[in-house]
Every structure is written in C-alpha cells, then in structure tokens.
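Per-entry structural report
Below, each chain spelled out in residue letters.
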Amino acid sequence: MFGDPPKGGVQKIGFLLLPNYSMIAFASALDTLCQANDVTRRRLYDPVILSADGEPVRASNGKPQLVDNAIWDVSSIPMIVVCASETPQHVATRSVLVWLQRQARHGADIGAIVSGSHILARAGLLDGFRATIHWEELDSFAEAFPDVDAVQDIFVIDRNRFTAAAATASLDMMLHLIRLQHGPELASHVADEFTYPGIRDPHSPQRQSVAERLQ
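Below or above, wherever it landed, is the structure these notes cover. From a predicted model like this one, the values you see are computed outputs, not experimental measurements.

**Topic: the pairing of strand S7 (residues 109–113)**
- Of all the 5 residues making up S7, 5 are buried; the element is thus mostly covered by neighbouring parts of the structure.
- Side chains of S7 alternate between two faces, with Asp-109, Gly-111 and Ile-113 and Ile-110 and Ala-112 buried alike.
- Looking at chain direction, strand S6 (residues 79–83) and S7 are connected through 5 bridges and run parallel. In the strand pairing of S7, Ile-80 is matched with Ile-110.

In structure tokens:
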C-alpha cells in the first residue's frame, strides 16, 4: 500500500521512462526523493531508472536519459512510477503492458505521472480505482476508460495505485509519500530545500482562475 513502511527500511522505486516522457515531471519526483536522502544523510529511497529495452530514453525536450536496467532484467520491484509522453498510445507496447501486469500480480504499488496514467489504464491496472491525469486529457481519458474513476485532483492515492496530473503534482505526491513514511517534519524540510512554500493537498484543483492567481 502506498505509504506503508518499506521492507528493510529502504523504499526501492523503479521509474519506467517511455519515449517523449516529461523530463520536468520525472525530475520533480526523482529529485524530491534524492533530497530526502541528502537531508537525512541516510538512504531512505533507492530509485532505479528503467526503460523497455535498457537503452537511453529521449525525453520530450529531446535530451536522452541513461537508465539502469531494462524492465525484463528486473523480476520484481515494490514500487513503480510510469513516466510517459503526450501521446502514450504510441508507447504502450505489449511488452510494457505485460511487464506492468506481472508486477501488479507480484503486489507492487504502481503509479504514474502525467500521461503515464494512460499506460496503466491500457494495462487494466486502474479498473475500479480513482485516478487522475493532466486536465487537458481528463475528458478523453474518462471516455476511453469508463471503468476508471477519473477525477480532477492534482494527485490521487487509491490503495496500491497512485497517479499525479503534472510536473509539480509529482513533487507534491512524493512529498506526501515522505510525510507518510517519515513524518511531516522531513517532508517540510525537503519542501524548504526546494523553496516550495507548501505541500498541496491531493484534492487541490489542477487549474486556478485568473482572479485566484492574482490574489
């Protein structure tokens, strides 16, 4: 379950990068966890970067990212975050979907940031779960996957599934994970390191009106 204390005291997390993924969303999630390690001078989080074939993955900004392993080199991992592109239907290969389904059968906590929610839904891993995705995709996502309870929250935790709508939402979601596993003081300290003024509640809206922005 998302937020449960990890076995052995270290939370291992696999970040599955798919072509044209959002670099800022991935970095927001990854760097938040690494900052928790730096602040405490302990290895609380052990991120592993994955790709479908073990080769570097090009982000939406055109920059390639080196990875640690191919997915099929990893038999099981307790937590997985899928990072996908604005056109996830082109990267939801059968190999990726089958691997995610296998990890789900092994009991992994499986989540996504930005359009990664589309990949999880294609794999059938969000059926009967609440989930979110970027506001521009929300209506089409809900129509394409009627068995998913699609909501407009910035991030959603539903049992062992978790989804974040965009880049800063992935930061909030990882701060929430730190808060659940290691307490609010550490989560606040990590937020302060990023000069991030506050950790948003998952039910915060994805968009604000102009009047709200100018307050």
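**Quick word on the sheet that holds strand S11 (residues 161–164)**
- Strands sit in the order S5-S2-S1-S6-S7-S11-S10 across an open sheet of 7 strands; the sheet is mixed. Two strands bound the open sheet, and with one partner strand each, they are strand S5 (69–70) and strand S10 (155–158).
- By the bridge criterion, 4 bridges tie S7 to S11 in an arrangement that is parallel. The residue bridging Ala-112 from the neighbouring strand is Thr-163, located in S11.

Cut-offs used in this document
- Residues numbered from 1 in each chain as written.
- Predicted model: local features only at pLDDT ≥ 70, side-chain atom pairs only at ≥ 80, totals over all residues.
- Heavy atoms only, no water.
- Buried < 20%, exposed > 50% of the residue type's maximum accessible area, 1.4 Å probe, protein only.
- Helix = DSSP H or I, 4+ residues; strand = E, 2+ residues; numbered from the N terminus.
- Pairing = 2+ DSSP bridges.

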